[in-house]
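Here's the letter readout for the chains.
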Amino acid sequence: MLKEKDHETSSIASGSQPHVEFYDPSKESTWTRVGLTWESFKRAPGTTGGQVIQGASNVEDIEKIMADAPMLQQKMKPRHLTMIAVGGSIGTGLFVGSGSALAVGGPAGILIAWLLIGMMLINVTQAIGEISILYPISGGFYTWAVRFLDPSFAFAMGWNYVFQWAIVLPLEITVAATTVNYWPNNVPFAAWITIFWMAILIVCIFGTLGFAEEEFWSSCLKLVVVVMFILIGIVCICGGGPDSGAYNHYIGGQNWHNPGAFANGFKGICAVFVTAAFSFSGTELVGLAASETPNPRSSMPGAVKGTFWRITIIYVTSLTIIGLLLPYTEPRLTTGSGAGASPFVIALDYAKIKGLNHLLNAVVCISVLSIGLSCVYAGSRTLTALAETGYAPRVFAYVDKSSRPLWSVVAILLFAPLAYINLAPKGAVIFNWLVALSGLSTLFTWLSICLCHIRFRRAWKVRGHSLDELPFRAAGGVWGSWFGVILIVLVLIAQFYIAIWPVGGMPDSPAKVAEAFFQVYLAFPIVILFYVVGVVWKRALPQRAHQINLDSGRKCWYTAEEMNAWRAERRAAPWYIRIYRMMFAY
């Protein structure tokens, strides 16, 4: 077995190097560690050096390598990371957004769009796994872009990512408030917004551990309910629904024949690509979370492989069931609001299975709040990384003793009151423009990850390293990342086509044509603007492959011989263990 160096080896250092003092959070009180004392809000005095150093016998100064670690503490456990990857991004996009996508693209259209985006996401997460196990650094893919691509592009991508989540936060709070109104109540809409904002704020007080535990349990609930819906859907399609409902007889694939498989032909497929991308947004969070787990090499591979099962079982299977249960002409898909537009809730309404529609509505509400917490987590961690690299005010680099990037979290939470804009007479118009700022942001983030992987592989080869040294290799290799780049570019082209010639035809007024275009494509010129600002501000140029720093932040130092010996040992395991490892573990 390969040797591992853990936190306890911090005292071993080269004699020529000064001793590094690590911060030990275990000396703080329990209440401080969970963030419930005034002491917990004080700045952490240093890094914990809490990440495991793999292959430490191959480095000269173990203490220096340990000190080259993120300020954030490693509080996440493998179960947290796995559930963030498997169920963390299941929310508004799947439960609600898939309804309008079905109306625009038809059952075949949404399957094509979700399958293509899903295939691309599998390659993206494989690339994340390969790099993040080697470099579990603060800011994840933003920091990789600084190192492997272009600091100016990283600046544009990083701020774009921050604003994406800052704007999605009030959107999710608004959807949560709308979802609650599925049940008749006399509580004002503004009060629901306030309640959900406060709920997210309270969880954020507990920092990383609060987010991780909430994601774990909410993901478990979402997975159980979606699997239950799939099983019920299969029974209903076969005619096993209650006699009083719409599924008391076999319906099979009749909705694929009448009204049909495609709602608007090729244009309909193009129109739902961004909806599919939005439903997958947050999948990349495992790349950020890698810096807050003590041993990414043991926990990241299983989390990355979990993405495959989420895409195939949760997304593809559930959308297939939806396409069989509901015709794309169902009026509530486009006229409903919140959970009222959810195809999952609509299908259970038609089935007349008492109580299940209410259960699913509650899960939708919890899912929306879960994505709201992801907004704060992703936005704050990226903003902190921007500050650490000099692309944001240094105040945002503040990390307290409870491992909260305090002022970054506050900055993202301050965007939540934008949800109140919906209460104004023209609020919906303003809010739609704000949401347009983040419309394509996820695609640019995934593009950056794929490009980082391509450049990393190139630098790794040029610097004389072998792929055998990598503790985890992306299943699709560099070609998988090229597939991701090409598909993302095609999706951007398709979205441009839809922005110019939307489904239903172009408006008569040129002003409305321009308005419709920028509401779809506004994020693109914003990214270009940020890139120009980054170039003018820092005047940094991309590095050649042989100039890229492959050592800073690196936590795996195994030689090719050590890794090959480890792989040979793994191949000697019984066949059923090898299959399990290939599908679920490492």
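Source: prediction; values computed, not measured.

### Quick word on the overall build of the protein
What the protein contains, in helices and strands, is 23 helices and two strands. What you see for the protein is a C-alpha radius of gyration of 24 Å, in line with the 25 Å of a compact globule of 586 residues. Each of the three principal axes of the protein carries a C-alpha extent, and together these read 80 × 55 × 50 Å. Put simply, the protein has 586 residues, and 58% of those count as buried. A separation of at least 24 residues holds for 82% of the contacts in the protein among residues at least 6 apart in sequence. Working note: accessible area of the protein is about 23300 Å², and carbon and sulfur atoms make up 67% of it. The protein carries 41 positive and 32 negative side-chain charges, and their two centres are separated by 3 Å.

### Observations concerning the nonpolar core
If you look at the biggest cluster of nonpolar residues, it comprises 158 residues, and the most contacted ones within it are Tyr135, Leu325 and Trp446. Per-element accounting of this core gives the leading share, 19 residues, to helix 4 (residues 92–134). What Trp446 contacts, discounting residues up to four positions off in sequence, is Ile117, Met120, Leu121, Val124, Ala277, Phe280, Ser281, Glu284 and Ile488. Judged by nonpolar contacts, the second largest core, of eight residues, contains Ile53, Val59, Ile65 and Trp557.

### Some thoughts on the side chain of Glu469
Mapped onto the fold, Glu469 is located in the loop between helix 18 (441–462) and helix 19 (477–500). Buried charge Glu469 goes without a salt bridge, the closest partner of opposite sign being Arg554 at 4.1 Å. A distance of 2.9 Å separates the side chain of Glu469 from the backbone nitrogen of Ser466, its partner in a polar contact. Residues in contact with Glu469, not counting those within four places in the same chain, are Trp460, Arg554, Tyr558, Thr559, Ala560 and Met563.

### Side note on helix 6 (residues 151–180)
Here helix 6 is 30 residues long and its end C-alpha atoms lie 43 Å apart, about the 44 Å a rise of 1.5 Å per residue gives. Capping the start of helix 6, Asp150 holds a side-chain oxygen 3.1 Å from the backbone nitrogen of Ser152, two or three residues further along.

### Side note on the packing of aromatic side chains
One pair of aromatic rings is described through two measures. These are the centre distance and the angle between the planes. A full pass over the atoms with the stated rule returns 28 aromatic pairs. For the ring pair Tyr161 and Trp165, a centre distance of 6.0 Å and an interplane angle of 85 degrees mean the geometry is edge-to-face. Note that Tyr161 and Trp165 are positioned in helix 6 at a spacing of four residues, about one turn of the helix. As far as burial versus exposure is concerned, Tyr161 and Trp165 are alike and both buried. Note on Phe280 and Tyr315: the rings are 4.5 Å apart at their centroids and 35 degrees apart in plane angle, and the pair reads as tilted. Linking Phe280 in helix 10 (residues 265–280) with Tyr315 in helix 12 (residues 296–325), this pair joins segments that are 35 residues apart in sequence. Taken individually, Phe280 and Tyr315 each receive the classification buried, so the pair is uniform in this respect. An aromatic cluster of three or more residues is present, and its members are Phe155, Trp159, Phe163, Tyr391, Phe415, Phe530 and Trp537. Lying across the ring of Phe41, Arg404 places its NZ or CZ 4.2 Å from the centre. In this structure, Arg554 is placed above the aromatic ring of Trp557, and the distance from its NZ or CZ to the ring centre is 4.3 Å.

### Details of helix 7 (residues 189–205)
When the terminal C-alpha atoms of helix 7 are compared, their 25 Å separation across 17 residues agrees well with the 24 Å that a helix rising 1.5 Å per residue should span. Here helix 7 has its buried residues at Trp192, Ile193, Phe196, Trp197, Ile200 and Cys204. Along the axis of helix 7, the buried positions cluster into a sector of 135 degrees, meaning they face one direction only. Buried residues belonging to helix 7 abut helix 6, helix 8 (207–237), helix 15 (356–388) and helix 16 (406–413). Positive phi appears at Gly207, one or two residues downstream of helix 7, with a value of about 65 degrees.

What counts and how
Residues numbered from 1 in each chain as written. Predicted model: local features only at pLDDT ≥ 70, side-chain atom pairs only at ≥ 80, totals over all residues. Heavy atoms only, no water. Helix = DSSP H or I, 4+ residues; strand = E, 2+ residues; numbered from the N terminus. Rg over C-alpha atoms; globule rule 2.2 N^0.38 Å. Buried < 20%, exposed > 50% of the residue type's maximum accessible area, 1.4 Å probe, protein only. Contact = heavy atoms within 4.5 Å. Areas by Shrake-Rupley, 256 points an atom, 1.4 Å probe, with all protein chains shown as cover. Lys, Arg positive; Asp, Glu negative; His and termini not counted. Charge placed at Lys NZ, Arg CZ, Asp CG, Glu CD. Core = buried A, V, L, I, M, F, W, Y, C linked by side-chain atoms within 4.5 Å. Salt bridge = Lys/Arg side-chain N within 4 Å of Asp/Glu carboxyl O. Polar contact = N/O pair within 3.5 Å; in protein donor to acceptor, adjacent residues only side chain to side chain. Expected span 1.5 Å × (residues − 1). Phe/Tyr/Trp six-rings, centres within 6.5 Å; stacked < 30°, edge-to-face > 60°. Lys NZ or Arg CZ within 6 Å of the ring centre and 35° of its normal. Arc of directions from axis to C-beta.

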